[in-house]
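Next come the chains, spelled out residue by residue.
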Amino acid sequence: MTRKRTRSGGLAPRGGPSGRHAKLLARLKTAEDTLRAIQSGEVDALMVSGRRGGQVVALKGGEPAYRLLVEAMSEGAATLSPDGTVLYCNRRFAELIRRPRTKLIGSAFLSVVSAAERDRFDAFLAEAQSAPAKGEFTLRGRDGNLIPVHVSLSRFLPYHGQALGMVVTDLSEQKRKQVADMELARATHRLLLERTLSAQEEERRRIARELHDESGQLLTALLVGLRTLEDARSLSDVAALAQRLRAIAAQAIGEVGRLARGLHPTVLDDHGLGVALGRYVAEYATTHNIAVNLALDERDCNTLPPAVQIALYRILQEALTNVARHSGATAVRIELVRSAAAVEASVVDNGCGFDAKAVAVSSLRLGIQSMRERAAMHGGTVSFKSRRKGTVFLVQLPLASRDVQRMRRRST
């Protein structure tokens, strides 16, 4: 025959300062006795006092199987009265805030909520009286440390609204992941900024060299020719010299134009990626004596978002520069394919290839890192394969759903 008891878990009425301590001790003694009775299976109900008087509520936690389940939970669990008094808590909850269960039971849960969030928790508690409530709070541990938690609070229907069930999830580890992610993002941002500034400085040095070596020499030759023109003795000498100066001026204009296109091709803005790549490839083939086969659909290219077009142009430009500098190739094939969700470009040459493993470790010398960084800015990737003969560069850039919709509107 199983013994059944009903114990009172009601709050004592407030007294003066002299009797408050004794009443609190009595209340805690009652709570400790109740907890021991619950754990031994002697109690299956509590008498909860409230404005409407005392009411008996069935305590399912008194059932051994249910009690074992709650105690085995990896989450903190507690039962609160409508005014927020802790009626019961499992071992995990006590461990979470580093306080003995005997001290927690009978105390106000609000006492472990951070001072800045107590008003919000009062509103949260009131909300849970009518509907399940969820939110994040900061609890204060015994040693003063602050613990971020997620709290789920809902009414126990079998208890006629006289008790609330609470589950508390520790978010400390999750917050440390979020902090680590933020630190990684900041570090990545700093690295990209440093690389960007370094690339800008390198680009300035390159332009300065070319201005000095190419355009500067041509302008100097033009100046010398103009001085020589002053000393010409016949019209035939003037005509010959003028023809020579005209050729020098045309060459200087061509060099300046080439530098300007290298900084930013206006044809990309005016006519789109397809035309811009076509013109660059034609000039590249003539300059480096490398046959280039360009396979793309200009309609597909020109409906890409402008930022994606610029990224692809720069990446392919860098890839072709690598081919000219390092591969010794005589032929290159460029192919660009766009799908509904991404755009993919490949550059395949018939050159000497390189040690792919060594380049994967130290890719700066081939400019691969800059290509990867450009692709990463758009959530994309750059990969490569190389053997004794030939190299394949592959660029993949995803397209956001809004970009796909925009492209479909443009193509219709």
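Residues numbered from 1 in each chain as written. Predicted model: local features only at pLDDT ≥ 70, side-chain atom pairs only at ≥ 80, totals over all residues. Heavy atoms only, no water.

### A look at the overall build of the chain
Next up, step 1: The helix and strand inventory of the chain stands at 14 helices and 13 strands.
Next up, step 2: Expressed as a percentage of the 412 residues in the chain, the buried residues total 35%.
Next up, step 3: Of the contacts made within the chain by residues no fewer than 6 positions apart, 56% connect residues no fewer than 24 positions apart.
Next up, step 4: About 24400 Å² of surface is accessible on the chain, with carbon and sulfur atoms providing 55% of the total. (Helix = DSSP H or I, 4+ residues; strand = E, 2+ residues; numbered from the N terminus. Buried < 20%, exposed > 50% of the residue type's maximum accessible area, 1.4 Å probe, protein only. Contact = heavy atoms within 4.5 Å. Areas by Shrake-Rupley, 256 points an atom, 1.4 Å probe, with all protein chains shown as cover.)

### Observations regarding the nonpolar core
Next up, step 1: Formed by 37 residues in total, the largest nonpolar core has its most connected members in Leu273, Leu312, Leu320, Val347 and Leu397.
Next up, step 2: For this core, the elements supplying multiple residues, two or more each, are α8 (266-271), α9 (273-288), α11 (306-327), β10 (331-338), β11 (342-349), α13 (368-376), β12 (381-386) and β13 (391-398).
Next up, step 3: Ranked by the residues each element gives to this core, the list is headed by α11, at nine residues.
Next up, step 4: The contacts of leucine 397, once residues within four sequence positions are left out, are Val308, Ala311, Leu312, Ala342, Val343, Ala375, His378 and Gly380.
Next up, step 5: Core analysis: the second largest hydrophobic core is formed by 27 residues, Leu80, Ala94, Phe124 and Leu153 among them. (Core = buried A, V, L, I, M, F, W, Y, C linked by side-chain atoms within 4.5 Å.)

### Some details on helix α5 (residues 118-128)
Next up, step 1: Looking at α5, one finds that the buried residues are Phe121, Phe124, Leu125 and Ala128. Along the axis of α5, the buried positions cluster into a sector of 100 degrees, meaning they face one direction only.
Next up, step 2: If you follow the buried residues of α5, they end up packed against β4 (76-80), β6 (133-140), β7 (146-155) and β8 (164-170). (Arc of directions from axis to C-beta.)

### A few points about unusual backbone geometry
Next up, step 1: Unusually for a residue other than glycine, arginine 98 sits at a positive phi of about 55 degrees.
Next up, step 2: Inspection of the secondary structure assignment puts arginine 98 in the loop between α3 (91-96) and α4 (101-104).
Next up, step 3: Unlike most non-glycine residues, asparagine 289 shows phi in positive territory, near 55 degrees.
Next up, step 4: Along the polypeptide, asparagine 289 turns up in the loop between α9 and β9 (291-295).
Next up, step 5: A residue is classified by how much of its surface remains accessible, and asparagine 289, at 69% relative accessible area, is exposed.

### Details of the environment of glutamate 95
Next up, step 1: Assignment of secondary structure puts glutamate 95 in helix α3.
Next up, step 2: With a relative accessible area of 45%, glutamate 95 lands in the partly exposed category.
Next up, step 3: As a C-alpha pair, glutamate 95 and glycine 141 span 46 residues in sequence and 9.5 Å in three-dimensional space.

### Comments concerning the packing of α11 against α13
Next up, step 1: Look at α11 against α13: their axes get within 10 Å of each other, and the N-to-C directions meet at 165 degrees. One element, α11, and the other, α13, form an angle in the roughly antiparallel class. Classified by chirality, the crossing of α13 by α11 is left-handed. In this structure, α11 uses Arg314, Ile315, Glu318, Ala319 and Asn322 to contact α13, whose residues at the interface are Ser370, Met371, Arg374 and Ala375. (Axes fitted to C-alpha atoms, helices over the stretch in contact; angles between N-to-C directions. Parallel < 35°, antiparallel > 145°, perpendicular 65-115°, else oblique. Left-handed = near helix turned anticlockwise from the far one by under 90°.)

### What to know about the confidence of the model for the chain
Next up, step 1: Per-residue confidence for the chain averages 76 on the pLDDT scale, and 73% of its residues sit at or above 70.
Next up, step 2: Scored below 50 in pLDDT, residues 54-63 makes 36 contacts in the model with residues more than four places away or belonging to other chains. (pLDDT = per-residue confidence, 0-100.)

### A few points about the sheet that holds β13
Next up, step 1: Strands sit in the order β9-β10-β11-β13-β12 across an open sheet of five strands; the sheet is mixed. Looking at the sheet topology across the chains shown, the edges are occupied by β9 and β12. Adjacent strand axes in the sheet meet at a mean angle of 10 degrees when their direction is disregarded.
Next up, step 2: The strands touched by α11 within the sheet are β10, β11 and β13, with β11 carrying the most contacts at an inclination of about 10 degrees.
Next up, step 3: Strands in contact with α13 are β12 and β13; relative to β12, the strand with the most contacts, it is inclined by about 145 degrees. (Pairing = 2+ DSSP bridges.)

### Some points on the pairing of β12
Next up, step 1: Along β12, the buried face is formed by Val382, Phe384 and Ser386; none of Thr381, Ser383 and Lys385, which line the opposite face, is buried.
Next up, step 2: Summarising the sheet, β12 and β13 pair through six bridges and their orientation is antiparallel. Each residue of the ladder has a partner; that of serine 386, found in β13, is threonine 391.
Next up, step 3: Here β12 folds back onto β13, and the loop between the two strands holds four residues, one of which, glycine 390, carries a positive phi near 95 degrees.

### Considering the packing of α9 against α11
Next up, step 1: Between α9 and α11, the least distance of the axes is 11 Å, while the angle of their chain directions is 15 degrees. Classified by the angle between their axes, α9 and α11 sit roughly parallel to one another. Here α9 and α11 pass one another in a crossing that is right-handed. Here Leu273, Ala276, Leu277, Tyr280, Val281, Tyr284 and His288 of α9 lie close against α11, whose contacting residues are Gln309, Leu312, Tyr313, Leu316, Gln317, Leu320, Thr321, Val323 and Ala324.
Next up, step 2: Each residue belonging to the contact of α9 with α11 can be placed in one class, and the counts come to 12 nonpolar, four polar and no charged. (Nonpolar A, V, L, I, M, F, W, Y, C, P; charged D, E, K, R; others polar.)

### Comments concerning the sheet that holds β8
Sheets are built from strands that pair by backbone hydrogen bonding, the pairs being arranged parallel or antiparallel.
Next up, step 1: Strand order in the open sheet formed by five strands is β5-β4-β8-β7-β6, and the pairing between neighbours is antiparallel. Bordering the open sheet on either side are β5 (86-89) and β6, each of which pairs with just one other strand. Here the strands of the sheet are splayed against their neighbours by 30 degrees on average, with no regard to which way each runs.
Next up, step 2: The pairing of β6 with β7 spans eight bridges and is antiparallel. For glycine 135, the partnering residue across the bridge sits in β7 and is valine 151.
Next up, step 3: Contacting β4, β6, β7 and β8, α5 crosses the sheet at an angle of about 145 degrees to β6.

### Remarks on the pattern of salt bridges
Next up, step 1: In total, this model carries three salt bridges according to the counting rule given.
Next up, step 2: Here glutamate 117 ties to arginine 120 by a salt bridge, and the two come within 3.6 Å at their closest N and O atoms.
Next up, step 3: Here arginine 120 falls in the partly exposed class, since its relative accessible area comes to 40%.
Next up, step 4: Between glutamate 335 and arginine 333 there is a salt bridge, with its nearest N and O atoms 3.9 Å apart.
Next up, step 5: Classification of arginine 333 by relative accessible area gives partly exposed; the value is 34%. (Salt bridge = Lys/Arg side-chain N within 4 Å of Asp/Glu carboxyl O.)

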